[in-house]
Amino acid sequence: HPKPRGVCYVTRVMAYTLFSDPWMVLSVEPLHGITFAFKQIAAVHYCAAIAPPGCETSAQGFKDVVVQLGVITGTFGGGAVLEG
């Protein structure tokens, strides 16, 4: 059976393709909060599961650093592609 996070994500992304008025995006944007929360919960549980005992917080901090490096890389890389 389908998972709620998947249903929310697919619904949100499919809705984006159907909107002609950009303001309509706001009608499905609350689904982003649900999918983000599920992603965060899964990441915290995974970090706790693979971290050595006593290092769970450090593992989560490392995960956050890696995510932010991805954001920075994507931002600069995307800008470079657009400026192309």
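Please read all numbers here as calculations on a predicted model, not as lab measurements. (Residues numbered from 1 in each chain as written. Predicted model: local features only at pLDDT ≥ 70, side-chain atom pairs only at ≥ 80, totals over all residues. Heavy atoms only, no water.)

**Focus: the side chain of lysine 63**
For clarity, the cut-off: Helix numbers and strand numbers start at the N terminus; a helix is a DSSP run of H or I with at least 4 residues, a strand a run of E with at least 2. Counted as a polar contact is a pair of N or O atoms within 3.5 Å, where, for protein atoms, one must be capable of donating a hydrogen and the other of accepting one, and residues adjacent in sequence contribute only when both atoms are in side chains. Note on contacts: a residue pair qualifies if any of its non-hydrogen atoms lie within 4.5 Å across the two residues.
You can see lysine 63 is positioned in helix α4 (residues 56-83). A polar contact of 2.6 Å, which involves the side chain of lysine 63, links it to the side chain of aspartate 64. Not counting the four nearest positions on each side in its chain, lysine 63 is found in contact with Gln40, Ala43 and Cys47.

**A few points about the confidence of the model for the protein chain**
The line we're drawing: pLDDT expresses, on a scale from 0 to 100, how confident the predictor is about each individual residue.
For the protein chain, per-residue confidence averages 92 on the pLDDT scale, and 100% of positions sit at 70 or higher. Of all the helices and strands in the protein chain, helix α1 (residues 4-18) carries the lowest mean pLDDT, 90, while α4 carries the highest, 95.

**Structural notes on the environment of leucine 26**
Mapped onto the elements, leucine 26 comes out in helix α2 (residues 25-28). Along the sequence, leucine 26 and tyrosine 16 sit 10 residues apart, while their C-alpha atoms lie 10.0 Å from each other.

**Some thoughts on the side chain of arginine 12**
Note the following rule: Residue exposure (1.4 Å probe, protein chains only): buried if accessible area is under 20% of the type maximum, exposed if over 50%, otherwise partly exposed. In this tally, Lys and Arg are treated as positive and Asp and Glu as negative; His is ignored, and so are the chain termini. By convention in these notes, a salt bridge is any Lys or Arg side-chain nitrogen within 4 Å of a carboxyl oxygen on Asp or Glu.
In this structure, arginine 12 sits in helix α1. Of the buried charged residues, arginine 12 lacks a salt bridge, with glutamate 29 as the closest side chain of opposite charge at 4.7 Å. With residues near it in sequence (within four places) discarded, arginine 12 still touches Val28, Leu31, His32 and Thr35.

**Things to note about the pattern of salt bridges**
Counted by the stated rule, this structure contains 1 salt bridge. In this structure, aspartate 64 and lysine 63 form a salt bridge, with 2.6 Å as the shortest nitrogen-oxygen distance. By relative accessible area, lysine 63 is classed as buried at 15%.

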